[in-house]
Amino acid sequence: GIDVGLINDTIETAAAGRLATTLIEEDRRVAVVVRFPEAARRDVAELERLLVPAPGGERVPLGQLATFTLVEAPAQVTRENGMRRVVVEANVRGRDLGGFVDDVRAAVSPLAAELPSGYRLEYGGQFENQQRAMRQLSIVVPIALLLIMILLHLALGSFRHAFLVLLNLPFALVGGVVAVVAFGMPLSVSAAVAFIVLLGVAVQNGVVLVAFFRQLRESGAGVEETVTRGCDLRFRPLLMTALTSFIGHVPMLFATGSGADIQKPLAVVVMGGLITSTLLTLVVLPVLYGWVEERRGVR
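Scoring rules and cut-offs
- Residues numbered from 1 in each chain as written.
- Predicted model: local features only at pLDDT ≥ 70, side-chain atom pairs only at ≥ 80, totals over all residues.
- Heavy atoms only, no water.
- Helix = DSSP H or I, 4+ residues; strand = E, 2+ residues; numbered from the N terminus.
- Core = buried A, V, L, I, M, F, W, Y, C linked by side-chain atoms within 4.5 Å.
- Buried < 20%, exposed > 50% of the residue type's maximum accessible area, 1.4 Å probe, protein only.
- Axes fitted to C-alpha atoms, helices over the stretch in contact; angles between N-to-C directions.
- Parallel < 35°, antiparallel > 145°, perpendicular 65-115°, else oblique.
- Left-handed = near helix turned anticlockwise from the far one by under 90°.
- Contact = heavy atoms within 4.5 Å.
- Nonpolar A, V, L, I, M, F, W, Y, C, P; charged D, E, K, R; others polar.

1. Structural notes on unusual backbone geometry
Consideration 1: Residues other than glycine seldom take positive phi values, yet glutamate 26 does so here, at roughly 55°.
Consideration 2: Looking at where glutamate 26 falls in the secondary structure, it is placed in the loop between strand S1 (18–25) and strand S2 (28–34).

Here it is as C-alpha cells:
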C-alpha cells in the first residue's frame, strides 16, 4: 500500500535535496534544503536504510521496497531536430582531419550495420565545417578564376595575353603544394584559402611582365627584343613585389599564439608559391610569350 510517488520523493530528498523552508534575514530570503551528507549520498547501504512510512503506520526500509543498481547514463539528454543525440568528441593532432575521419569510418562501419532502427551515425564538428567550406570553395574558385580572366582581358586588351598570365598560376600552386608537404601540414581550410590568395599574387607578377611586353611591342620592338628587355627591366619590380609579400608573411610563419593554426598554413602556402611563381615567371612566361607571338607570325 505504499505509494510509488512517496518512494521517489524520499530518494529525491536524500540524494538531490528538497526545499524545506525559507530563511528570512532582513531583506534577504535564503532557501533551506534538506538532504543527506555527501558521504551518505554515495553509499547505497545508507540509502537502503531510509525508512518510508506506510499507510498503516509502519516504517519500512527503502531497501525492501526498491533495488539499487549503479549504471552508466548520459549526464544530460540532448536533442537535435526533435531526436535524441549522443556526441563522442575527439581532438585531432599531428595528422589531417579528413584522413582521421576516414580511419574512424573504416573502424565504425561494421558496427553501423548493426544499429537498431531509428539510429544513425553522423560526423560533425570541425570535419563538417571543413566539408562545407570545401564545397563552397569548389564554387568560389572557378568564379574567381573567371573574374580574373575578365579583369586581365580588360587590363591587357587580349584574351591571348590574359591566358598567358593565367598559365603562371600552376607554377605558383606547385610551390604552395611543395611547401605544405615540406612542413608536413595537412590541407586545411586555411591552406585552401591561401591558395586563392596565391593566385592573386601570381597574377600580379604576370600582369607586371606581360603589360610591359605589350608596351614594348606598341613602341615597335620585336619579339626577341621585347622578351629580353622586358625581363631585364622588370626583374627588379617583380623581385621587389614578391619579396615584399614574402617578408610580410614571415611573422605568421613563426606565430605561436592564438590563431597560429590558421596563420601558419596561410604563410607556408603563400611563401612557397611566391618562390616558384617568381622564378618561373621570369623563365617560363617569357618563353611562352615569344613562342605564342612567333606562332602568330609576328616578328
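Additional details are given in the paragraphs that follow.
2. Digging into the nonpolar core
Consideration 1: Residues Leu152, Val165, Leu166, Leu169, Val203 and Val269 are the most contacted members of the largest nonpolar core, which totals 40 residues.
Consideration 2: The element best represented in this core is helix H8 (residues 189–218), accounting for 11 residues.
Consideration 3: One finds Ile7, Ala14, Leu50 and Val52 within the second-largest nonpolar core, a separate group that totals 6 residues.

3. What about the packing of helix H5 (residues 126–156) against helix H6 (residues 159–166)?
Consideration 1: Running from N to C, H5 and H6 cross one another at 125°; their axes reach a closest spacing of 8 Å. Classified by the angle their axes make, H5 and H6 are oblique. Of the two elements, H5 crosses H6, and the hand of that crossing is right-handed. Between H5 and H6, the contacting residues are Ile148, Met149, Leu152, His153 and Leu156 on the first element and Phe159, His161, Ala162, Phe163, Val165 and Leu166 on the second.
Consideration 2: Tallied by class, the residues present in the contact of H5 with H6 amount to 9 nonpolar, 2 polar and no charged.

Keep in mind that these numbers describe shape and distance, not what the molecule does.
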